[in-house]
Every structure is written in C-alpha cells, then in structure tokens.
Amino acid sequence: MSLSLVLPCYNVMKYLPKCLDSIFKNDCNDIEIVLVNDGSSDDIGGGVKPIF
C-alpha cells in the first residue's frame, strides 16, 4: 500500500515535526509527502532540512 500526503505549511513550523513524526510512525513503507509552502514567514524550508 502506498500513501501520498499533501501538507499545507503556512506558519506551522512549531507543529510540523510532531506531524511528520506521526506520519513516519505509520506502518506503510511507501510514503510520499508533499509540503506546500506559499510564503510562510517562519523559515519552514530551513526547519525541515534536518528531518529529511
């Protein structure tokens, strides 16, 4: 089974690590995650680099 998720990421950096942790704990091995940043002011791009 594959899982595809699209996550809007506008000013949610403080919530994103917990959200991604819960996704990665899923039993599915085939996961595609698309993070959509449309001008967030909380450095979401720099914040997710350590996670990926």
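See the structure shown above.
Residues numbered from 1 in each chain as written. Predicted model: local features only at pLDDT ≥ 70, side-chain atom pairs only at ≥ 80, totals over all residues. Heavy atoms only, no water.

So, on to the overall build of the chain. Within the chain, the secondary structure is distributed over 2 helices and 2 strands. For the chain, the N- to C-terminal ordering of α and β elements is β-α-β-α. When burial is assessed residue by residue, the chain has 21% of its 52 residues classed as buried. Within the chain, residue pairs in contact and separated by at least 24 positions form 75% of the contacts whose partners lie at least 6 positions apart. (Helix = DSSP H or I, 4+ residues; strand = E, 2+ residues; numbered from the N terminus. Buried < 20%, exposed > 50% of the residue type's maximum accessible area, 1.4 Å probe, protein only. Contact = heavy atoms within 4.5 Å.)

Take helix 1 (residues 16-24) next. Of all the residues in helix 1, the buried ones are Leu16, Leu20 and Ile23. Projected down its long axis, helix 1 shows its buried positions confined to an angular sector of 55°, all on one face. The inward-facing, buried residues of helix 1 abut strand 1 (2-8), strand 2 (30-36) and helix 2 (44-48). (Arc of directions from axis to C-beta.)

Counting residues in each nonpolar core, the largest one holds 9 residues, listed as Leu7, Cys9, Met13, Leu16, Leu20, Ile23, Ile33, Ile44 and Val48. Taken together, the elements giving at least two residues each to this core come down to helix 1 and helix 2. A per-element tally of this core places helix 1 first, with 3 residues. Not counting residues within four places of it along the chain, the set of residues in contact with methionine 13 comprises Asp42, Ile44, Gly47 and Val48. (Core = buried A, V, L, I, M, F, W, Y, C linked by side-chain atoms within 4.5 Å.)

In the Ramachandran plot, asparagine 11 falls in the positive-phi region, its phi being about 55° despite a non-glycine side chain. By the secondary structure assignment, asparagine 11 is in the loop between strand 1 and helix 1. According to the relative accessible area criterion, asparagine 11 is partly exposed, its value standing at 31%. Despite not being glycine, aspartate 43 has its phi angle at roughly 50°, a positive value. Classification of aspartate 43 as exposed rests on a relative accessible area of 54%.

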